[in-house]
Amino acid sequence: MLHLKLETDPRWVNIVESNIEEILTDHAWCEQKAATNAITIITLNSEHVDLVTDLLALAKEELEHFQMVHDIIKKRGYKLGRERKDSYVNELYKFMNKGGNREQCMVDRLLFSAMIEARSCERFKLLSKEIKDPELSKFYHELMISEAGHYTTFISFARKYGKNVDVEKRWNELVQFESEIIKNYGKHETIHG
């Protein structure tokens, strides 16, 4: 369903388990950024009522996930660390068309968002299956389902509103681009790292 070319090495979970506080902090900030991204898409495309409606719900859900991760952090006696850069997302961002017309830019932003959700979904699935912590295993299973829904939302809107863009070609180019950059990740206790 997600069309990722390269799966995460399961040994990444061992790295995650070595520093749960760090992965939770990174995860919390990923949820905040996902909510902000949805709001940004709304501000740039407010004429599409269905997109605004669905992305408002998505942004709210991402903030709820942020709160859920923060609650786990507090429950475990950890502290939410400072916001971190997400190098994977920053590299993926380079793919987006910044000089095209408005429709091309919207499609690229939606596909970029779908890709981040797809990779997060894949990582959450791996965590849900491999992490030894039963609470986090269940938590990541639930979030995996949510991320899959977000992926579908973004890619569906790209297809709906990209009438003058070859969305499937652009998606396949992004899948290929992502498969090259993801090779450099999976070595740190971050959601995308």
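Residues numbered from 1 in each chain as written. Predicted model: local features only at pLDDT ≥ 70, side-chain atom pairs only at ≥ 80, totals over all residues. Heavy atoms only, no water.

K.L.:
Would you explain helix α6 (residues 134-161) in this entry?
P.N.:
For α6, with 28 residues, the first-to-last C-alpha span of 41 Å sits near the 40 Å given by 1.5 Å per residue. The N-terminus of α6 is capped by D133, whose side-chain oxygen sits 3.0 Å from the backbone nitrogen of E135. (Helix = DSSP H or I, 4+ residues; strand = E, 2+ residues; numbered from the N terminus. Expected span 1.5 Å × (residues − 1). Polar contact = N/O pair within 3.5 Å; in protein donor to acceptor, adjacent residues only side chain to side chain.)

K.L.:
Hey, could you run me through the nonpolar core in this one?
P.N.:
Here is a general trend for soluble globular proteins: nonpolar side chains tend to be buried in one another's company. In terms of nonpolar packing, the biggest core is built from 63 residues, with L24, Y140 and W171 touching the most fellow members. When contributions to this core are tallied by element, the ones reaching two or more residues are α1 (12-17), α2 (20-44), α3 (49-75), α4 (87-93), α5 (102-130), α6 and α7 (167-181). Per element, the largest residue contribution to this core is 13 residues, and it comes from α5. (Core = buried A, V, L, I, M, F, W, Y, C linked by side-chain atoms within 4.5 Å. Buried < 20%, exposed > 50% of the residue type's maximum accessible area, 1.4 Å probe, protein only.)

K.L.:
Looking at this structure, how should I read α7?
P.N.:
What sets the pattern is the α-helix's 3.6 residues per turn: residues three or four places apart point alike. Taking 1.5 Å of rise per residue, the 15 residues of α7 would be expected to cover 21 Å, and the 21 Å separating its terminal C-alpha atoms lies within 8% of that figure. Where α7 is concerned, the buried positions are V167, R170, W171, L174, V175, E178, S179 and I181. Where α7 is buried, its residues meet α4, α5 and α6. (Contact = heavy atoms within 4.5 Å.)

K.L.:
Is there a simple way to think about the packing of α3 against α6 in this case?
P.N.:
Packed helices, taken two at a time, are described by the angle between their axes plus the distance between the axes. Remark: α3 packs on α6, axes separated minimally by 11 Å, with the N-to-C direction vectors making an angle of 160°. Classified by the interaxial angle, the pair formed by α3 and α6 is roughly antiparallel. Judged by the twist between their axes, the crossing of α3 over α6 is left-handed. Listed contacts from α6 to D50, L51, D54, L55, L58, E61, E62, H65, M68, V69, I72 and K75 of α3 are E135, L136, F139, L143, S146, E147, H150, T153, F154, F157, K160 and Y161. In terms of residue class, the contact of α3 with α6 is built from 12 nonpolar, 4 polar and 8 charged. (Axes fitted to C-alpha atoms, helices over the stretch in contact; angles between N-to-C directions. Parallel < 35°, antiparallel > 145°, perpendicular 65-115°, else oblique. Left-handed = near helix turned anticlockwise from the far one by under 90°. Nonpolar A, V, L, I, M, F, W, Y, C, P; charged D, E, K, R; others polar.)

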